Amino acid sequence: MLTTVLRLADVWSWWAILWAPLFVLAVGSAAYEWLLTVRSRWHLGPMEWVLLVVAHLALATSLLLVLGLPSR
């Protein structure tokens, strides 16, 4: 089925197939990280909170760039 989709579709289908597992991994790891953060919320130091926010902002920015949402 994958070869049929790739044969009938354009080049963007290749990118979707290549990026889909990475997207699922990123969303899953972010969800798991937030679950762990909620459990140990009061055990995080201020620098750990800053790193957590920066990591999530970087993930959101990279997803927006991959999807081409910001107008250039």
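Residues numbered from 1 in each chain as written. Predicted model: local features only at pLDDT ≥ 70, side-chain atom pairs only at ≥ 80, totals over all residues. Heavy atoms only, no water.

Caption draft 1: View of the overall build of the protein. From N to C terminus, the protein includes three helices and zero strands. Secondary structure elements of the protein occur, N-terminal to C-terminal, as α-α-α. A total of 72 residues make up the protein; the buried ones form 10% of that total. Carbon and sulfur atoms make up 76% of the accessible area of the protein, which totals about 6,300 Å². (Helix = DSSP H or I, 4+ residues; strand = E, 2+ residues; numbered from the N terminus. Buried < 20%, exposed > 50% of the residue type's maximum accessible area, 1.4 Å probe, protein only. Areas by Shrake-Rupley, 256 points an atom, 1.4 Å probe, with all protein chains shown as cover.)

Caption draft 2: Expanded view of the layout of surface pockets. Of the voids in this model, the largest pocket is the one considered here, and its volume is about 190 Å³. Every residue along the wall of the largest pocket is listed here: Trp19, Leu22, Phe23, Ala26, Leu59, Ser62, Leu63, Val66 and Leu67. Only helix H2 (11–39) and helix H3 (46–67) provide two or more residues apiece to the lining of the largest pocket. In terms of residue class, the lining of the largest pocket is made up of eight nonpolar, one polar and no charged. (1 Å grid on protein atoms, 1.4 Å probe; cavity = no way out; pocket = protein on both sides within 12 Å on 5 of 7 lines; lining within 4 Å. Points joined across faces, edges and corners; volume = space filled by probe spheres on them. Nonpolar A, V, L, I, M, F, W, Y, C, P; charged D, E, K, R; others polar.)

Caption draft 3: Geometry of the environment of Ser62. Within the secondary structure, Ser62 is located in helix H3. Here Leu59 takes part through its backbone oxygen, which lies 2.9 Å from a polar atom of the side chain of Ser62. (Polar contact = N/O pair within 3.5 Å; in protein donor to acceptor, adjacent residues only side chain to side chain.)

Caption draft 4: Representation of the side chain of His56 within the structure. Residue placement: His56 occurs in helix H3. At 2.8 Å, the side chain of His56 forms a polar contact with the backbone oxygen of Leu52. Filtering out sequence-adjacent residues up to four positions away, His56 remains in contact with Ala30, Glu33 and Trp34. (Contact = heavy atoms within 4.5 Å.)

Caption draft 5: Region of interest: H3. With 22 residues, H3 extends 32 Å between its outermost C-alpha atoms, agreeing within 8% with the 32 Å of an ideal straight helix rising 1.5 Å per residue. Backbone geometry just after H3 places Gly68 at a positive phi near 75 degrees. (Expected span 1.5 Å × (residues − 1).)

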